[in-house]
Amino acid sequence: MKKAAVLNDLSGFGKCSLTAAIPVLSAQGVQCCPLASAVLTNQTGYEHFKCTDLTSMIPDYIEAWQKNGAHFDGIYSGYMTGHKQIELFMDFLDVFYEDDTLLLVDPVMGDDGRTYGMYTNDLLDGMKTLSRKADIITPNLTEACLLADYDIKDVYKDTRKETLLPLATEVAEKLRTLSGKDQDVIITGIKCKDDKTPFIYNLVTTANGTSTHRSHFFDISFSGTGDLFASVICGSRLNGFSTKEAVQRAGKFIYDSIADTMNDDAMPNDGVNFEKFLRELM
Ligand code: PXL
């Protein structure tokens, strides 16, 4: 059975991070070994939250897992509380990132042209270094622009497809080149809102070029959709799907989960009804 180590937080509400990664990987027949980056009462988008940072535990994970002879087919990182955590995660990679390991980095830093509360310039520098090591990265458009040194305030000034897709392609190609390796770059959640039908695009740049996959655009950003997306990609790739196929699987799973959630009186912070659609991934 395939096994993936997942560095991410455990949030009580928000259906994000580990509460997305564990079920989504399990449904795909992949064992998820959580390396908890923090425990939160709920994700940070809610008005009230408390966070216990577990950075100091990372060396314990490394030591114990190394002594126990752990090996991972995949390593996947998500929400990090700060720069120090990235440095320690690099130590983790020095031990566990082997030739046959797939490293997926979801450089969680912000969305919709804004950064999350834990964002600092140091965090960005760390994410740049970490992202370049990865085999696959799954930034949203805001995070991709941060990694490629584009101004995120300008990104959503013009939301026409004719502007955003070429911009995202340029950013993806730059990131792939900066990695200096055969990296697959997936830019998620490119929200194109022109006078025609609005669509949300995911763009994939690999050695075979660039392709885009579009879905219906729901004008509401639900918590955890980026984490669900990255988790489907990780599991799908470990199961032998190509990155392009993985993106199609993730796009359908997330579309179905959001469409179902729209029928409820849902609050964006609470996340989406993905549990009902896990069977699609089995
Ligand atoms: O889904 C991204 C994410 C993960 N973890 C925590 C968050 C967020 C986004 O706000 O607050 C704790």
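None of these values were measured; they are calculated from a predicted model.

A.B. asks: Tell me about the environment of Gly224, and name the residues and values.
C.D. replies: Locating Gly224 in the fold gives a position in the loop between strand S11 (209-216) and helix H8 (225-238). Between the alpha carbons of Gly224 and Leu18 there is a distance of 9.8 Å; along the sequence they are 206 residues apart. Setting aside chain neighbours within four positions, we find Gly224 in contact with Gly14, Lys15 and Cys16.

A.B. asks: Got a sec to walk through the pattern of salt bridges? Specific residues and values, please.
C.D. replies: Within this structure, the stated rule accounts for 14 salt bridges. Salt-bridge contacts for Lys128 lead to Asp149; the nearest nitrogen and oxygen are separated by 2.7 Å. Within this pair, whereas Lys128 is found in helix H4 (residues 121-133), its partner Asp149 is found in the loop between helix H5 (141-147) and helix H6 (152-155), the two being separated by 21 residues in sequence. Residue classification places Asp149 among the exposed residues on the basis of a relative accessible area of 55%. Note that Lys157 and Asp154 form a salt bridge whose closest N and O atoms lie 2.9 Å from each other. Looking at Lys157, the relative accessible area reads 68%, which means it is exposed. A relative accessible area of 40% means that Asp154 is categorised as partly exposed.

A.B. asks: Describe the packing of helix H1 (residues 17-27) against H8, with residues and values.
C.D. replies: In contact at an axis separation of 9 Å, H1 and H8 are set at 30° when each is read in the N-to-C sense. Considering the angle they form, H1 stands roughly parallel to H8. By crossing handedness, the relation of H1 to H8 is classed as right-handed. Note on element contacts: H8 touches H1 through Asp227, Leu228, Ser231, Val232, Cys234 and Gly235, opposite Ser17, Ala20, Ala21, Val24 and Leu25. Tallied by class, the residues present in the contact of H1 with H8 amount to seven nonpolar, three polar and one charged.

A.B. asks: If you had to explain the site of the ligand to someone new, which residues and values would you point to?
C.D. replies: As a matter of local geometry, the ligand sits amid Asp9, Ser11, Cys16, Ser17, Leu40, Gln43, Thr44, Tyr79, Val108, Tyr116 and Asp227. Contacts to the ligand include Thr44, whose side-chain N or O atom sits 2.6 Å from an oxygen atom. Burial of the ligand by the protein amounts to 93% of the accessible area it has alone, namely 320 Å². Taking a 2 Å distance to the grid points as the criterion, the majority of the atoms of the ligand fall inside the largest pocket. Class assignment for the residues of the shell around the ligand results in five nonpolar, four polar and two charged.

A.B. asks: Describe the layout of surface pockets, listing the residues and the values that go with them.
C.D. replies: Here the largest pocket is characterised by a volume of approximately 1,000 Å³. Within the residue set of the lining of the largest pocket, elements represented by two or more residues are strand S1 (2-11), strand S6 (110-111), strand S7 (114-115), strand S9 (184-192), strand S10 (199-206), S11, H8 and helix H9 (243-262). Here the lining of the largest pocket takes five residues from H9, the largest share from any one element. Along the lines of polarity and charge, the residues of the lining of the largest pocket split into 17 nonpolar, 24 polar and eight charged. Its volume calculated, the second largest pocket comes out at about 160 Å³. What lines the second largest pocket is simply Asp184, Val204, Thr206, Asn208, Gly209, Thr210, Ser211, Arg237, Ser242, Thr243 and Lys244.

A.B. asks: Talk me through the packing of aromatic side chains; I want residue IDs and the actual numbers.
C.D. replies: The relative placement of two aromatic rings is captured by the distance of their centres and the angle of their planes. Counted under the stated rule, the structure contains ten aromatic pairs. Aromatic side chains Tyr61 and Trp65 sit 5.2 Å apart centroid to centroid with 80° between the ring planes, which places their arrangement in the edge-to-face category. With a gap of four residues between them, Tyr61 and Trp65 both fall in helix H2 (residues 58-67), about one helical turn apart. An identical accessibility class is assigned to Tyr61 and Trp65; each is buried. Cluster of aromatic residues (ring-pair linked, three or more members): Tyr61, Trp65, Phe72, Phe89, Phe92 and Phe96. The residue whose ring lies beneath Arg214 is Phe199, and the NZ or CZ to ring-centre distance is 3.8 Å.

A.B. asks: So, the side chain of Thr138: which residues are in play, and what are the values?
C.D. replies: Within the secondary structure, Thr138 sits in the loop between strand S8 (136-137) and H5. Residue class for Thr138 comes out buried when judged on its relative accessible area of 2%. Within polar-contact distance, the side chain of Thr138 engages the side chain of Asp106 at 3.1 Å. Not counting chain neighbours up to four residues away, the residues in contact with Thr138 comprise Leu104, Val105, Asp106, Pro107, Glu143, Ile186, Thr188 and Ala230.

Cut-off values and rules
Residues numbered from 1 in each chain as written. Predicted model: local features only at pLDDT ≥ 70, side-chain atom pairs only at ≥ 80, totals over all residues. Heavy atoms only, no water. Helix = DSSP H or I, 4+ residues; strand = E, 2+ residues; numbered from the N terminus. Contact = heavy atoms within 4.5 Å. Salt bridge = Lys/Arg side-chain N within 4 Å of Asp/Glu carboxyl O. Buried < 20%, exposed > 50% of the residue type's maximum accessible area, 1.4 Å probe, protein only. Axes fitted to C-alpha atoms, helices over the stretch in contact; angles between N-to-C directions. Parallel < 35°, antiparallel > 145°, perpendicular 65-115°, else oblique. Left-handed = near helix turned anticlockwise from the far one by under 90°. Nonpolar A, V, L, I, M, F, W, Y, C, P; charged D, E, K, R; others polar. Near = heavy atom within 4 Å. Polar contact = N/O pair within 3.5 Å; in protein donor to acceptor, adjacent residues only side chain to side chain. Areas by Shrake-Rupley, 256 points an atom, 1.4 Å probe, with all protein chains shown as cover. 1 Å grid on protein atoms, 1.4 Å probe; cavity = no way out; pocket = protein on both sides within 12 Å on 5 of 7 lines; lining within 4 Å. Sits in = over half its atoms within 2 Å of the grid points. Points joined across faces, edges and corners; volume = space filled by probe spheres on them. Phe/Tyr/Trp six-rings, centres within 6.5 Å; stacked < 30°, edge-to-face > 60°. Lys NZ or Arg CZ within 6 Å of the ring centre and 35° of its normal.

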